[in-house]
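# Per-entry structural report
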Amino acid sequence: MSEKKEVSRREFLTNVATSAATITIVPRHVLGRGFAPPSDMLNIAGVGVGGMGRTNLINLASQNIVALCDVDWGYAGKGFDRLDTEIPNLQKRLDQPDPQPAPGQTPVEFDRVKAKARLDGMIRLKNEHLPKAKRYQDYRDMLEHQKDIDAVLVATPDHMHAHIALAAMALGKHVYVQKPLAWSIDEARQLARRAKETKVATQMGNQGHSLNDARTTVEYIQAGAIGEVREVHIWTNRPLGFWPQGVPRPEPLKVPADTLRWNGPGVNARLAAAMAGDYPVPDKLSWDLFLGVGPQVEYHPIYHPFNWRGWSDWGVGAIGDMGAHLIDHSMWALELGLPTTIETVSTPYNGVSYPHATQTFYEFPARGSMPPVKMIWYDGGLMPDKPEELGDEELNKGGGALLIGSKGKLLHDTYGLKPRLLPKSLNDSYGKPPQKLPRIENEDHEMNWVNAAKGKTQTSCPFEYAARLTEVMLLGVVALRAGKKINYDGANMRVTNVAQANDFLRREYRQGWA
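Treat the numbers as computed from the prediction; the structure is a model and nothing was measured.

## With respect to the pairing of strand β11 (residues 399–405)
With six of its seven residues buried, β11 lies for the most part within the structure. Pairing of strand β7 (residues 229–236) with β11, which is carried by seven bridges, proceeds in the antiparallel orientation. From the neighbouring strand, His 233 faces β11, where its bridge partner is Leu 402. Of the pairings in the sheet, the one linking β11 to strand β12 (residues 409–413) comprises five bridges and is antiparallel in character. Each bridged residue has a counterpart across the sheet, and for Leu 402 the counterpart in β12 is Leu 411. Counted between consecutive antiparallel strands, the loop separating β11 from β12 contains three residues.

Structure (C-alpha cells):
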C-alpha cells in the first residue's frame, strides 16, 4: 500500500469537533440527495480488519464495503489471502454428507444454513469488496477524506475502540464496536452518552446477545423457573492456550546474571531478558498508529498480533475478552445494574501483563422486588464447584454460567448457549419458558445492526446497555489494579474507599491523541 500523507491530529480532532457541534443526526432516508433510501445497501468502513474484524466483514458482505483500515496490512493481508483456501474447504464440507459419529459420541454440530451464508459472504468479500474497497492505515485519514461512508465497524485492540467510535459518531456514522466496548469505564460512559445524543445505530460485538438460546436463557430466569436468584458463578478457560499472561515485559538484565538467585524475581528477570531483543517493526505495520492513545512502548512481537489482550496497555484480559459473552445473560435477565463492591484476587500481577488466573467477587444490590446478588467470575482454569445435580457429568471447562435460585439452578454455556434447568427433573417438567423477547432475524448480529441503521429495527445490544455491561467487566480490572476490595458509587462513577482506584476508571492519552 502506498504511504499516506501524515494527517494532523490536531486538525482532524478540530474538524471532528466542529462537525459534531454543527450536524444534526437524522435517518439516512431523510438526508436528501446523495444518500440512498434504507432499502439500499449501507456503505461500511472497517477499522481493524485482520482478526475478528474480518469475520464481521464476511457477515456484512451483503452490503457495500467501501473502505478498509488497518495499522498492519501485512497481518490483515494474510487474513484476506486465507480466503483462497477457506472458500474451497468450506464448499467441500458443504458438498459432503455429515459424518456419522463414533459409537457413544454425539454428532458434531454443523449448521448448513449458516455455513452456506458464511460461504456466500466469504465469496462476496473476496470477489466484490476487496478489489474495490479503498485501503487506509490511519482511520483519521479515512474519516477525513472518504465521504461516502455511512457506518463504521471497529475491531481494533481494545484501547482504540472508544477513540475511533467517538470520531465516527461525531460525523454521524453508525458504529459497530467489538467487545469490550472500551478500555476504560470513562470511555464506555462517553460512548453511551454520545449514542444517545447522535441517535445513530450502535451495536457492541457480543454476538451471543442475538442468539435464540441466549434469549431463552433470559426467559427462563425472568419467568421464575428457578425462583429468586441470589448467587451466580461465571467462568472461562481464557487466557489458557490463547494468549500469554502473567509474563514480564521483555527487557535486558539490569544486573549480571550470576548475581541473580533462582527465586521468583530472579527467574522473571531471566525470562524478561530471554525475550528481549532488537526486533524490527514489520514493513507494513505502523507501530505508532498501533500504540494510538496508549503509552509509548517499543515494538516486540509478543505484543502484536493478538497477544495485546494480555497486556494492560492495550487489552483488559480474559474478563474483557469473554465477559461480554458470559456475564451478559445474568446481567440482562436479573437487571443487575452496577455492583456496589468488587474484589479481585489473582495469581501474581506485575502491573503490565494480566495474571494467569483471576477470581472476581461482585455484590449487586436489590432491585425493586428482586433480592441482592453475589456474582463470582473465574478465569485461567479456575472454576466453581460442580453442582451435585450434574452427577457424573462435568462442567464445561471452556466456559459457562451457573445461576442458583430458590427453586433450582440454571446452567448455560458461553454465549448463553444450551440453557437447561437443574435438576433434570425440573428441566423435564418445566419445559420451555414463554417466549417474551423478540428473536433476531437469522440470529445475525451484524445484519441486525445494518437493519437498525436503515430504520427497520432496533439493535440487539446498543451502547446504552453495552456500556453498563462493559463497566461491570472493567470494574473487575479496576479492583485487580487497586489490589483490594473496592466500594463503588455507580451513580457518580466513584470508588469511595480507595482514592487511587479512581485513577483506574479513566486513562491519560498519549501526547497528541487527547
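Having seen the model, we can carry on.
## Quick notes on the confidence of the model for the protein
Per-residue pLDDT for the protein has a mean of 93; in total, 92% of the residues score no lower than 70. Considering only residues more than four positions removed or in separate chains, one finds that residues 1–7, a stretch of pLDDT under 50, has 14 contacts. A low-confidence stretch, residues 17–39 stays under pLDDT 50, and its non-local contacts, those more than four residues away or across chains, total 23 contacts.

## Brief notes about the environment of Ala 401
Examined against the element boundaries, Ala 401 turns out to sit in strand β11. Ala 401 gets classed as buried once you look at its relative accessible area, which sits at 0%. For Ala 401 and Trp 311, which are 90 residues apart along the polypeptide, the C-alpha to C-alpha distance reads 26 Å.

## Observations regarding the packing of helix α7 (residues 161–170) against helix α8 (residues 185–198)
The axes of two packed helices give the description: the angle between them and the distance between them. One can describe the packing of α7 onto α8 by two numbers: an axis separation of 10 Å at closest approach and a directional angle of 15°. The angle between the axes of α7 and α8 places the two elements in the roughly parallel class. Crossing of α7 over α8 shows left-handed handedness. From α7, Ala 162, Ala 165, Leu 166, Met 169 and Ala 170 reach across to α8, where they touch Glu 187, Gln 190, Leu 191, Arg 194, Ala 195 and Thr 198. Along the lines of polarity and charge, the residues of the contact of α7 with α8 split into seven nonpolar, two polar and two charged.

## As for the side chain of Thr 414
Considering the arrangement of structural elements, one finds Thr 414 in the loop between β12 and β13 (420–422). The residues touching Thr 414, leaving out its near neighbours within four places in the chain, are Met 322, His 325, Leu 326, Gly 398, Gly 399 and Gly 400.

## Points about the environment of Gly 227
Within the fold, Gly 227 resides in the loop between α9 (212–222) and β7. Classification of Gly 227 by relative accessible area gives buried; the value is 18%. It is 24 Å that separates the C-alpha atoms of Gly 227 and Val 472, two residues lying 245 residues apart in sequence. Residues contacting Gly 227, with those up to four places away along its chain left out, are Ser 406 and Lys 407.

## A short note on a nonpolar patch on the surface
Together, Tyr 75, Phe 242 and Phe 306 line one region of the surface with nonpolar side chains, adding up to about 250 Å² of accessible area. Within the element layout of this structure, Phe 306 appears in the loop between α11 (287–291) and α12 (317–334).

## Quick word on the sheet that holds strand β1 (residues 43–47)
The strand order across the open sheet formed by six strands is β3-β2-β1-β4-β5-β6, and the pairing between neighbours is parallel. The open sheet has two free edges, formed respectively by β3 (134–136) and β6 (202–204), since each of these has just one partner strand. The average angle at which neighbouring strand axes cross in this sheet is 20°, direction not considered. The sheet contact formed by β1 and strand β2 (residues 64–69) spans five bridges and is parallel. What sits directly across from Ile 44, in β2, is Ile 65. Docked against the sheet, helix α2 (residues 52–59) engages β2, β4 (151–154) and β5 (174–177), running at close to 145° with respect to β4.

## Focus on the packing of aromatic side chains
Within the structure shown, the criterion is met by 14 aromatic pairs. Plain terms: the ring middles of Tyr 220 and Tyr 430 are 6.1 Å apart, the flat faces sit at 50° to each other, and that makes the pair tilted. With Tyr 220 in helix α9 and Tyr 430 in helix α13 (residues 424–430), this pair connects stretches of sequence that are 210 residues apart. When the centroid spacing of 5.9 Å and the interplanar angle of 75° are considered together, the rings of Trp 243 and Phe 306 count as edge-to-face. Here Trp 243, found in the loop between β7 and α10 (264–275), pairs with Phe 306, found in the loop between α11 and α12; they are 63 residues apart in sequence, far enough to count as distant. Among the residues examined, Trp 243 registers a relative accessible area of 5% and is labelled buried. Feature note: the residues Trp 287, Phe 290, Tyr 299, Tyr 303, Trp 311 and Trp 314 constitute an aromatic cluster, connected by ring pairs. A cation over an aromatic ring shows up here: Arg 93 above the ring of Phe 110, its NZ or CZ 3.9 Å from the ring centre. The cationic tip of Arg 140 hangs over the ring face of Trp 513; the distance from NZ or CZ to the ring centre is 4.4 Å.

Conventions used here
- Residues numbered from 1 in each chain as written.
- Predicted model: local features only at pLDDT ≥ 70, side-chain atom pairs only at ≥ 80, totals over all residues.
- Heavy atoms only, no water.
- Buried < 20%, exposed > 50% of the residue type's maximum accessible area, 1.4 Å probe, protein only.
- Helix = DSSP H or I, 4+ residues; strand = E, 2+ residues; numbered from the N terminus.
- Pairing = 2+ DSSP bridges.
- pLDDT = per-residue confidence, 0-100.
- Contact = heavy atoms within 4.5 Å.
- Axes fitted to C-alpha atoms, helices over the stretch in contact; angles between N-to-C directions.
- Parallel < 35°, antiparallel > 145°, perpendicular 65-115°, else oblique.
- Left-handed = near helix turned anticlockwise from the far one by under 90°.
- Nonpolar A, V, L, I, M, F, W, Y, C, P; charged D, E, K, R; others polar.
- Patch = residues over 30% accessible without salt bridge, like charges linked within 9 Å, V, L, I, M, F, W, Y side chains within 5 Å.
- Areas by Shrake-Rupley, 256 points an atom, 1.4 Å probe, with all protein chains shown as cover.
- Salt bridge = Lys/Arg side-chain N within 4 Å of Asp/Glu carboxyl O.
- Phe/Tyr/Trp six-rings, centres within 6.5 Å; stacked < 30°, edge-to-face > 60°.
- Lys NZ or Arg CZ within 6 Å of the ring centre and 35° of its normal.

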